[in-house]
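Summary of structural features
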Amino acid sequence: AHPERATTPAAPDGFALGERLGSGGCAEVFRATELATGRPVALKFAWPNDARVRLSLLRERHTLARVAHPSVPRVVAHGETHGRAWLALTLTEGSTLRAWSRPGGAPRELRDLARCFARLCDALAYLHGEGVVHGDLSPDNVLVNDEGAPALLDYGGAAWPAIVGRREALDAQQ
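Quick caveat: nothing in here was measured; it's all calculated off a predicted structure. (Residues numbered from 1 in each chain as written. Predicted model: local features only at pLDDT ≥ 70, side-chain atom pairs only at ≥ 80, totals over all residues. Heavy atoms only, no water.)

A closer look at the sheet that holds strand β8 (residues 150-152)
- Read from one edge to the other, the open sheet built from three strands follows the order β6-β7-β8, with strand pairing classed as antiparallel. At either margin of the open sheet sits one strand with a lone partner, and together these are β6 (95-96) and β8.
- Those strands touched by helix α3 (residues 110-129) are β7 (142-144) and β8, and its axis lies near 30° from that of β8. (Pairing = 2+ DSSP bridges. Helix = DSSP H or I, 4+ residues; strand = E, 2+ residues; numbered from the N terminus. Contact = heavy atoms within 4.5 Å. Axes fitted to C-alpha atoms, helices over the stretch in contact; angles between N-to-C directions.)

And the structure:
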């Protein structure tokens, strides 16, 4: 459905594109460098020619603009290049929660898991306190760094029920 998945997108002005980090139903993510600062970022490109996907990326941008938490990425820049909407986000280094919880196939120590999950719960409580429901919490949408600190990613399915009642109302507003 997306023949563009086989091609690397053009880097937006001001960024140098690096390796592909991953992809999903709505977008693909690349490591990149912001040229003005030398800062590493994650560049998330929406799949082209799909209004639903563009809306998902717009929802993610608006959600991340509302919140500030150490376990939530920040939007550095956004735009459109060659028909593809994109977000530049603070880069999160680490492994998915799924991989991190079983290094080498063996279960991680219970105290390390508990510490990580407590931090993840703190992030979710913060988001809920701000009126944001993530909408797609899964072990593959959480990256954990070497210190065991989680980062909650992928806010394309987020909703603000306290503000709009339901996601469809947000879609209609935008």
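Some points on the pattern of salt bridges
- Within this structure, the stated rule accounts for eleven salt bridges.
- Arg 31 serves as the salt-bridge partner of Glu 19, at 3.2 Å between the closest nitrogen and oxygen. Pair noted here: Glu 19 is in strand β1 (residues 15-23) and Arg 31 is in strand β2 (residues 27-34), with a separation of twelve residues, a long-range link.
- Residue Arg 31 is classed as partly exposed on the basis of its relative accessible area, which comes to 24%.
- Residues Glu 93 and Arg 31 are paired through a salt bridge, measuring 2.7 Å at the closest nitrogen-oxygen approach. Here Glu 93, found in the loop between β5 (84-90) and β6, pairs with Arg 31, found in strand β2; they are 62 residues apart in sequence, far enough to count as distant.
- For Glu 93, a relative accessible area of 46% gives the class partly exposed.
- Shared partners join several salt bridges into a network, and the residues in it are Glu 19, Arg 31 and Glu 93. (Salt bridge = Lys/Arg side-chain N within 4 Å of Asp/Glu carboxyl O. Buried < 20%, exposed > 50% of the residue type's maximum accessible area, 1.4 Å probe, protein only.)

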